[in-house]
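Summary of the model geometry
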Amino acid sequence: MSTFSVFKRACSLGQSKLVGLSPGSSRKLHLLSSIPRLAASSLEDSSHQAHTDAIATALRGPGVAIVDLKFPDASSEYLRRLVLNLGNYHNHGPPITHSATRGWFWDVRPKKTAGPQARSESSLNFPWHTDCSYESDPPQFFALHVLHADRRGGGTLSALNVSRALKKLKPATFETLSRPEFRIKVPPEFAKGVDNITGCLVGKGEEGSGVRIRYRADIIEPLSSGASDALAEVHELLASSRDTDARDVQVDLSPQVLPDNAIVLMDNGRWLHARNEVRDPERHLRRVRWGRRKFEAGD
Ligand SMILES: [Fe+2]
């Protein structure tokens, strides 16, 4: 049985309850199988305690979850209500406004007009990163609602498990990453009067959730030779994450895994994410972020 058919079979079991997969023989399957998946049969599920509890538990545990909506929801009303309920009943904090004009939801699709462009609005690949890594209190969570998956073999979202990846680093590297020896530049399209921040790249996670990371290679500048060496080791590790023997740390959420009307929710400090080149001009995801947390070094 293929990886996907095992996954699909398990997905079909879900009705507002978490679906786990049998442990597979390959390491890649094992990571995919660790992602809880559930179904929302109606808009009202966004307010049902058992349903929101299951999602909160998944985000506290593995730090990632997928929800399959079994009803049309072009305005992402399910996701809007869900995020508000996670804030109200699970201490997640409120959703974050993207800008004065764009509100909580941000439509991620290739931009057809000229002018300043966020990387997510281009068709380019977007290497491993955490969202808002240039902010002193980045959002702890984000979700993406797939409105139109890429039909042309591009636009695949990938996720990389931070705690598994960090175990592959030298202990001294880990320590250096925990020190405030890195300057992180604010991309011009997100400038709000601050050009950069200085801090560590590995910080303290929520209670019981280990460490969190902030990372986006093109905007980080090491401030010491030790920081430079540590950053180079991280770059190298991430560059090799797609090697066959590194499949225990990353998973591809292709359109087969994340089809139209699926939602992926992710802990933005415990998973890195990436996207390959978008090939379908109609690809359209809708993003929301929530739960600002100060990024602090561990003890
Ligand atoms: Fe992102």
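Here we take up the overall build of the chain. A count of helical and extended segments in the chain gives 7 helices and 15 strands. When the 299 residues of the chain are sorted by exposure, 39% land in the buried category. Once local pairs closer than 6 in sequence are excluded, the contacts in the chain between residues at least 24 apart make up 79%.

Moving on: the nonpolar core. The biggest cluster of nonpolar side chains holds 66 residues, and the ones touching the most others in it are Ala-65, Ala-143, Leu-258, Ile-263, Val-264 and Leu-265. Filtering out sequence-adjacent residues up to four positions away, Leu-265 remains in contact with Ile-55, Leu-59, Val-64, Ala-65, Phe-141 and Ala-143.

Between its terminal C-alpha atoms helix α4 (residues 77-90) stretches 19 Å, which fits the 20 Å expected from 14 residues at 1.5 Å a residue. Every buried residue of α4 is listed here: Tyr-78, Leu-79, Leu-82, Val-83 and Leu-86. Taken end-on, α4 shows its buried residues confined to a sector of 125 degrees, consistent with a single buried face. Among the exposed residues of α4, those pointing more than 90 degrees away from its buried face are Glu-77 and Asn-88. Downstream of α4 by a residue or two, Asn-91 has a phi angle that is positive, lying close to 60 degrees.

Glancing now at the sheet that holds strand β15 (residues 284-292). Read across the sheet, 6 strands follow the order β1-β2-β13-β5-β15-β3 without closing on themselves; strand pairing throughout is mixed. Each of the sheet's edge strands pairs with one partner strand only, and the pair in question is β1 (37-40) and β3 (106-108). Strand-to-strand, the axes of this sheet are offset by a mean angle of 25 degrees, without reference to chain direction. Here strand β5 (residues 139-148) pairs with strand β13 (residues 262-267) via 5 bridges, running antiparallel. The residue bridging His-145 from the neighbouring strand is Ile-263, located in β13. Across the sheet, α4 touches β1, β2 (64-69), β5, β13 and β15, and the angle it forms with β15 is around 10 degrees.

Another point: the sheet that holds strand β8 (residues 196-199). Working definition: the strands of a sheet are paired by backbone hydrogen bonds and lie parallel or antiparallel to each other. If you trace the 3 strands from one edge of the open sheet to the other, you get β8-β7-β11, paired in antiparallel fashion. What marks the edges here is a single partner per strand, and that holds for β8 and β11 (220-222). Across this sheet, the average inter-strand angle for adjacent strands is 25 degrees, counted without regard to direction. As defined by bridge partners, strand β7 (residues 182-185) adjoins β11 across 3 bridges and the pair is classed as antiparallel. Bridge pairing in β11 places Ile-184 opposite Ile-220.

This part covers the environment of Thr-176. Its place among the elements puts Thr-176 in helix α6 (residues 171-177). Along the primary structure Thr-176 and Gly-226 are separated by 50 residues, whereas in three dimensions their C-alpha atoms are 7.0 Å apart.

Where β3 lies against β15, 3 bridges are found, and the strand directions are antiparallel. What sits directly across from Trp-106, in β15, is Arg-287. Sheet topology note: the β5/β15 ladder contains 8 bridges and is antiparallel. In the strand pairing of β15, His-145 is matched with Arg-286.

Orientation of helix α3 (residues 49-60) relative to α4, taken along the N-to-C sense of each, is 80 degrees, at an axis distance of 10 Å. Viewed along their axes, α3 and α4 adopt a mutual orientation that is roughly perpendicular. Contact residues: α3 offers Thr-52, Ile-55 and Ala-56, while α4 offers Leu-82, Asn-85, Leu-86, Tyr-89 and His-90. Its residues assigned to classes, the contact of α3 with α4 shows 5 nonpolar, 3 polar and no charged.

What counts, and at which threshold
- Residues numbered from 1 in each chain as written.
- Predicted model: local features only at pLDDT ≥ 70, side-chain atom pairs only at ≥ 80, totals over all residues.
- Helix = DSSP H or I, 4+ residues; strand = E, 2+ residues; numbered from the N terminus.
- Buried ≥ 20, exposed ≤ 12 C-beta atoms within 10 Å, placed from the backbone.
- Contact = placed C-beta atoms within 7 Å.
- Core = buried A, V, L, I, M, F, W, Y, C linked by C-beta atoms within 7 Å.
- Expected span 1.5 Å × (residues − 1).
- Arc of directions from axis to C-beta.
- Pairing = 2+ DSSP bridges.
- Axes fitted to C-alpha atoms, helices over the stretch in contact; angles between N-to-C directions.
- Parallel < 35°, antiparallel > 145°, perpendicular 65-115°, else oblique.
- Nonpolar A, V, L, I, M, F, W, Y, C, P; charged D, E, K, R; others polar.

Keep in mind these numbers describe shape, not what the thing actually does.
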